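Chains, contacts and geometry: an overview
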Amino acid sequence: QVQLVESGGGLVQAGGSLRLSCAASGRTFSSAVMGWFRQAPGKEREFVAGISRSGDNTYYADSVKDRFTISRDNAKNTAYLQMNGLKPEDTAVYYCAAGLVQYWSARGYNNWGQGTQVTVSA
């Protein structure tokens, strides 16, 4: 069991940056792989990024590669998503997710937080 709480969303102009945080509790944080998803109304949920238990390995969707960076601090039981060069098409609710092993695949995640809104204006 793991509970996830996202924070850091908001309104930003195109080209700006935001840093999302995900605070985890309920089980040993270091035993879980962590990821970020996003979803806009009427669209399917998109797997954005994932990170291994140790933080040594990461995955990024092509749509965010070279702009977003996923990281984690196991001592703080927190995962992060640094988002730079934001575009209007990045507008969505962003969800933190936890899984067991397959950080690189959407199917590796089975727990999600409540989401935080990110809005990017042109």
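Preceding this paragraph is the structure being described.
Residues numbered from 1 in each chain as written. Predicted model: local features only at pLDDT ≥ 70, side-chain atom pairs only at ≥ 80, totals over all residues. Heavy atoms only, no water.

Before going further, it helps to examine the overall build of the protein chain. Of regular secondary structure, the protein chain possesses zero helices and 11 strands. Traced from its N-terminal end to its C-terminal end, the protein chain shows the element sequence β-β-β-β-β-β-β-β-β-β-β. Against the 2.2 N^0.38 benchmark of 14 Å for 122 residues, the protein chain shows a C-alpha radius of gyration of 13 Å, consistent with a compact globule. Projected onto its principal axes, the C-alpha coordinates of the protein chain cover approximately 40 × 30 × 25 Å. Expressed as a percentage of its 122 residues, the buried residues of the protein chain come to 46%. Accessible area of the protein chain: about 6,200 Å², with a carbon and sulfur share of 47%. Seen as two clouds, the 12 positive and the 9 negative side-chain charges of the protein chain have centres 5 Å apart. (Helix = DSSP H or I, 4+ residues; strand = E, 2+ residues; numbered from the N terminus. Rg over C-alpha atoms; globule rule 2.2 N^0.38 Å. Buried < 20%, exposed > 50% of the residue type's maximum accessible area, 1.4 Å probe, protein only. Areas by Shrake-Rupley, 256 points an atom, 1.4 Å probe, with all protein chains shown as cover. Lys, Arg positive; Asp, Glu negative; His and termini not counted. Charge placed at Lys NZ, Arg CZ, Asp CG, Glu CD.)

It is worth spelling out the sheet that holds strand S3 (residues 18–25) at this point. A sheet is described by the order of its strands in space; here four strands give the open sequence S1-S3-S8-S7, paired in antiparallel fashion. Unpaired on one side and paired on the other, strand S1 (3–7) and strand S7 (68–73) mark the two borders of the sheet. Here the strands of the sheet are splayed against their neighbours by 20° on average, with no regard to which way each runs. Relative to strand S8 (residues 78–83), S7 is paired through six bridges, and the arrangement is antiparallel. Bridge pairing in S8 links Ser 71 to Tyr 80. (Pairing = 2+ DSSP bridges. Axes fitted to C-alpha atoms, helices over the stretch in contact; angles between N-to-C directions.)

Once that is clear, we can look at the environment of Thr 58. The topology assignment puts Thr 58 in strand S6 (residues 58–60). Excluding residues that lie within four positions of it along the chain, Thr 58 makes contacts with Gly 50, Ile 51, Ile 70 and Tyr 103. (Contact = heavy atoms within 4.5 Å.)

Right, let's talk about the packing of aromatic side chains for a bit. What the rule picks out here adds up to six aromatic pairs. Judged by centre distance (5.6 Å) and plane angle (80°), the ring pair of Phe 37 and Tyr 109 falls under edge-to-face. Highlighted residues: Phe 37 in strand S4 (residues 33–39) and Tyr 109 in strand S10 (residues 109–112), separated in sequence by 72 residues. Just as Phe 37 is buried, Tyr 109 falls in that class too. Look at Tyr 103 and Trp 104: their rings are 5.1 Å apart centre to centre, the planes differ by 90°, and that puts the pair in the edge-to-face class. Judged by relative accessible area, Tyr 103 falls into the buried class, the value being 14%. In this structure Trp 104 comes out as partly exposed when scored by relative accessible area, which is 43%. Grouped by ring-pair contacts, the aromatic residues Phe 37, Phe 47, Tyr 59, Tyr 109 and Trp 112 constitute a single cluster. Between Arg 19 and the ring centre of Tyr 80, over which it is positioned, the NZ or CZ distance is 4.0 Å. Over the face of the ring belonging to Tyr 95 we find Arg 45, whose NZ or CZ atom lies 4.2 Å from the ring centre. (Phe/Tyr/Trp six-rings, centres within 6.5 Å; stacked < 30°, edge-to-face > 60°. Lys NZ or Arg CZ within 6 Å of the ring centre and 35° of its normal.)

These figures capture arrangement, not role.
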